[in-house]
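# Structural features, examined
One-letter residues, chain by chain:
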Amino acid sequence: MRKSPARLMILIYFIVITAGIISCEKMGESELNQEIMPFVKGVYGNPGTLLEAGYRFDDLGMNAIFVRSISLNESLYETARLQNVQVFVEFPTLLGRNYVENHPEAWPIDETGEKSPPADWFMGVCPTDPGFWDYREKQLRDILDKYDVDGIFLDYVHWHAQFETPDPILPETCFCERCTSLFSEDTGVQVLGAGIPEKADWILVNANSEWRGWRSRVLNKWVSGMKEIVREMRPDALLGIFYCSWYPDDHDGALFKTLGIDVEAFIEMADVLSPMLFHKMKERRPSWVGEYTGWLGDLISASHENQPLVWPIVQAHDNPGIVTPDEFRQVMLKGIQAPSTGIMMFSDRSLLDNPEKIEVMMELYLEKPED
Ligand SMILES: [Zn+2]
């Protein structure tokens, strides 16, 4: 099996960057990146559909696929390798409708003590459920055992909620007995109240900031735990995170408050950050794609030791609304600007539904030099 070069390339990248700061001051950052490691040009989803439709990844200018775990198979993996295309696998960390239906103890509980209903199509899992951790760990190990992937991209690393919409669904969870007990144990906060509604009310009134911080740390443990498994089994593979690209103040701070996402903590742990810059779903202008990646780049370079790469995922998908080929071009152009060192688009289906979008992607990917 082929050894993945991705992590080695990152090491070389930082060594050369450090040396290059002195000798290449006049060279722009993006030029420098391109000199050292290939700019990643990918498609997210089930990219095998492009092969079935008669395309080749390399002819489309792609050098990477970001394939959902359920769509990964040997034939796709082997074809990608033959076309010199890197294979990154999306891993649906805390998504689990079927799981919670079969394991009610893992269903997120809201502040009234009831099972929190599905948030549109999304159904999250209580992240403290040990059975669910075991279930996901086994899945991750199976993938890593079978395939020498270039990276695992954690998806749905957030508490139960729906953010891929202009009107987010933001329930308060999870107040199951396990979560409130662990919260007490981990923080030393003694939660008062007889039943779940009373305890939830007490927490939200008396220990709100401790609660939010604890919830975030629970997610971070998922990331660090999954990263350990990746490092152990495939030391050369990258650990990426897909995450909600709200700014910290958007929606009254719901990124941290409700989803539990602390971007600075993700920066400390990830090799690659892939903000989900779905402009149409979130009713943003195409220019927001560039603004957000610039903001993230500043956050990474200003205050952290770990320097994850930034590979945004942009939207070509038509639902809700229509993303025209020209609009798709605009978000791609914004998404490939520095500090990005890679990009992917969502998704293969939207390309096949509108061949003009294939033309847009192909033109940009073939124009963009790899090194
Ligand atoms: Zn819980």
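Here's what I pulled together on the structure shown here. (Residues numbered from 1 in each chain as written. Predicted model: local features only at pLDDT ≥ 70, side-chain atom pairs only at ≥ 80, totals over all residues.)

Turning next to the overall build of the chain. Counting secondary structure elements, the chain contains 15 helices and nine strands. Evaluated residue by residue, the chain yields a buried proportion of 41% over its 371 residues. (Helix = DSSP H or I, 4+ residues; strand = E, 2+ residues; numbered from the N terminus. Buried ≥ 20, exposed ≤ 12 C-beta atoms within 10 Å, placed from the backbone.)

Once that is clear, we can look at helix 6 (residues 130-146). An ideal rise of 1.5 Å per residue puts 24 Å on 17 residues; helix 6 measures up with 24 Å between its terminal C-alpha atoms. Buried residues of helix 6: F132, R136 and L140, and no others. Buried residues of helix 6, seen end-on, are gathered within an arc of 65° and therefore sit on one face of the element. When the buried face of helix 6 is taken as reference, the exposed residues oriented beyond 90 degrees from it are P130, G131, D134, K138, D142 and D145. Buried residues along helix 6 sit against strand 3 (86-92), helix 5 (97-102), strand 4 (151-155) and helix 9 (208-233). (Expected span 1.5 Å × (residues − 1). Arc of directions from axis to C-beta. Contact = placed C-beta atoms within 7 Å.)

Next up on the list: the nonpolar core. Counting 94 residues, the largest nonpolar core has I65 and I152 as its most contacted members. Element by element, the count of residues in this core is highest for strand 5 (residues 238-244), at six residues. Aside from chain neighbours lying at most four places away, what touches I152 is V89, F91, L140, V230, A237 and L239. (Core = buried A, V, L, I, M, F, W, Y, C linked by C-beta atoms within 7 Å.)

Take the packing of helix 6 against helix 9 next. Where helix 6 meets helix 9, the closest approach of the two axes is 10 Å, and the angle between their N-to-C directions is 25°. Viewed along their axes, helix 6 and helix 9 adopt a mutual orientation that is roughly parallel. Crossing geometry of helix 6 relative to helix 9 is assigned as right-handed. On the side of helix 6, the interface is formed by E137, L140, R141, L144 and D145, while helix 9 contributes M226, I229, V230 and M233. Tallied by class, the residues present in the contact of helix 6 with helix 9 amount to six nonpolar, no polar and three charged. (Axes fitted to C-alpha atoms, helices over the stretch in contact; angles between N-to-C directions. Parallel < 35°, antiparallel > 145°, perpendicular 65-115°, else oblique. Left-handed = near helix turned anticlockwise from the far one by under 90°. Nonpolar A, V, L, I, M, F, W, Y, C, P; charged D, E, K, R; others polar.)

The next thing to look at is the pairing of strand 5. Summarising burial for strand 5: seven of the seven residues are buried, a large majority. Summarising the sheet, strand 4 and strand 5 pair through four bridges and their orientation is parallel. The partner of I152 across the bridge, within strand 5, is L239. Looking at chain direction, strand 5 and strand 6 (residues 272-277) are connected through five bridges and run parallel. (Pairing = 2+ DSSP bridges.)

Its place among the elements puts S181 in helix 7 (residues 177-187). Each C-alpha atom of the pair S181 and V191 lies 8.3 Å from the other, and the pair is 10 residues apart in sequence.

Attention shifts here to unusual backbone geometry. Residues T173 and C174 are joined by a peptide bond in cis, for which omega reads 0°. Considering the arrangement of structural elements, one finds C174 in the loop between strand 4 and helix 7. Each neighbour pair has its own omega, and for N319 with P320 the value is 5°, a cis peptide bond. Locating P320 in the fold gives a position in the loop between strand 8 (313-315) and helix 13 (325-335). A positive phi is found at E283, a non-glycine position, where the angle reads about 55°.

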